[in-house]
Amino acid sequence: MAAIHLPTIMLGSFAALLVFSVFFILDWLRARHRLELLMWSLSFFTAAIGFALLSQRTRDYNFFTISLGNSLALAGLAFVWVGLRLFDGRRLHIAAAFAGPVFWTVLTAGVPEIGSSVNIRLCVYSVLVATYSILIAREVLRDKVGETLPSRVVVAIWFFLHGSIYLLRIPFSFLWPVVAGGDTRVLQPFWYGIITFELFVHIIVGGFSFFVLMKERMEWEHRKAAETDALTGLANRRAFFSKLDRLTSEDLGRGALLYMDIDHFKRINDSQGHAAGDAALREVALRLGEGVRAVDLVGRLGGEEFAAFLPDTEEGDAMAFGNRLREVLAREGFKVDEGEISVSVSIGVASGCALSSDELLKRADIALYRSKLGGRDRVTLWTPEAMPLPV
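In this report, we go over the structure that sits alongside the text.

Conventions and cut-offs
- Residues numbered from 1 in each chain as written.
- Predicted model: local features only at pLDDT ≥ 70, side-chain atom pairs only at ≥ 80, totals over all residues.
- Heavy atoms only, no water.
- Helix = DSSP H or I, 4+ residues; strand = E, 2+ residues; numbered from the N terminus.
- Expected span 1.5 Å × (residues − 1).
- Buried < 20%, exposed > 50% of the residue type's maximum accessible area, 1.4 Å probe, protein only.
- Contact = heavy atoms within 4.5 Å.
- Axes fitted to C-alpha atoms, helices over the stretch in contact; angles between N-to-C directions.
- Parallel < 35°, antiparallel > 145°, perpendicular 65-115°, else oblique.
- Left-handed = near helix turned anticlockwise from the far one by under 90°.
- Nonpolar A, V, L, I, M, F, W, Y, C, P; charged D, E, K, R; others polar.
- Pairing = 2+ DSSP bridges.
- Polar contact = N/O pair within 3.5 Å; in protein donor to acceptor, adjacent residues only side chain to side chain.

1. A few points about helix 1 (residues 6-30)
And step 1. Across its 25 residues, helix 1 extends 37 Å between first and last C-alpha, which sits within 8% of the 36 Å expected from 1.5 Å per residue.
And step 2. When we look at burial in helix 1, the residues that qualify are Leu6, Ile9, Met10, Ser13, Ala16, Leu17, Phe20, Ser21, Phe24 and Trp28.
And step 3. Check the buried side of helix 1 and you find it contacts helix 2 (35-54) and helix 9 (190-227).

So this is what it looks like as structure tokens:
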């Protein structure tokens, strides 16, 4: 027999769903580009309406309380899944997302044997809730590239456990069947009250978990913005040297630093305008980013200066990379308002094992200076015979 007062749990669930719906819609009104907040508000609101209808069910089948009420509760889970896909910038599958509520409504309203049997309905509904919960858990675990939100694993485990608990209702309903109707004088099996209470806890934890995910996302975006050059999207000077210090101090083996400068950049600004200069910077950043590996580090150090650190790379490979970049930039022009232009770059390369970032940069700077002295549009490797910069 149930020792938990089910109407109180239902009322608490309804109130919690409405509160979360209001908070999410208020957050969305402050940041309307974050459509996931709108989806999560709709999720909690539709589930709240569903709970309100479910609280009015009787012993007999009723379309509004049984079919529509549970369908709206399922639609709440569908909105959660849609919101998570928006959260991570993935393609939406609206038809697939809301197939569950449609299937439930058609099945319970169109098949009297199912609509009138509380335990068959319970089994079908449990499978649908478990399916959505596992889909949500899977979606939460799929990080965006380059992003790590600490709470993702915890949220995914929580939804997976919720789905697993709902599947337990299937064998329980055969061992200890549920009694139809909403009459509080009817004593339900002991497990029914426990799992209903778990649902209430799940609503509270689930609501807060999405706020935590959003908070972590905003912190990650602020941190990324502080480390990113706004014009090119590459790491800025501070972020580049911070990561370079870490890579070189970890003694990962032989690495190469390429230090490069766009030739006659001031001339582009003066003759073509600053918009053309910005386009040249973006073009170099694009070509540089296309040619590197996932483990490589690239950044804009300021003005027309760029750098790339290639871990575990020999001198010859670093020189070949620099020459490919130089040749692509010189050969392939890009459009600006005044027509089409191309740029050339001078590159200095320094390579060594277990060198500090300061020493690598000093050597690459000397090699870059030699490239400029040699006529620009070339790649120069630092060697022990290279003379330091003149005073």
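Moving on from the model shown.
2. Focus on the packing of helix 7 (residues 118-141) against helix 8 (residues 152-175)
And step 1. Two numbers describe how helix 7 lies on helix 8: the axes approach to 8 Å, and their chain directions differ by 165 degrees. One element, helix 7, and the other, helix 8, form an angle in the roughly antiparallel class. Every pair of crossing elements has a handedness; the one defined by helix 7 and helix 8 is left-handed.
And step 2. For the contact of helix 7 with helix 8, the per-class residue count stands at 20 nonpolar, six polar and three charged.

3. Some remarks on the sheet that holds strand 1 (residues 254-262)
And step 1. The sheet built from five strands is open, its strands ordered 2-3-1-6-7 with mixed pairing. The open sheet is flanked by strand 2 (297-302) and strand 7 (379-381), the only strands paired with a single partner. Between one strand and the next, the sheet's axes are offset by a mean angle of 20 degrees, whatever the strand orientation.
And step 2. Here strand 6 (residues 345-353) pairs with strand 7 via three bridges, running parallel. Looking at the pairing, isoleucine 347 lines up with valine 379 of strand 7.
And step 3. Strands strand 1, strand 3 (305-311), strand 6 and strand 7 of the sheet are contacted by helix 14 (residues 357-373), whose axis makes an angle of about 145 degrees with strand 6.

4. Structural notes on the pairing of strand 6
And step 1. Of all nine residues in strand 6, eight are buried; the element is thus mostly enclosed.
And step 2. Taken together, the nine bridges between strand 1 and strand 6 define a ladder with antiparallel strand orientation. Each bridged residue has a counterpart across the sheet, and for arginine 254 the counterpart in strand 6 is cysteine 353.

5. Remarks on the side chain of arginine 217
And step 1. By secondary structure assignment, the location of arginine 217 is in helix 9.
And step 2. A distance of 2.9 Å separates a polar atom in the side chain of arginine 217 from a polar atom in the side chain of aspartate 88.
And step 3. Those residues in contact with arginine 217, other than ones at most four positions away along the chain, are Arg34, Phe87, Asp88, Lys144, Glu147, Leu149 and Arg152.

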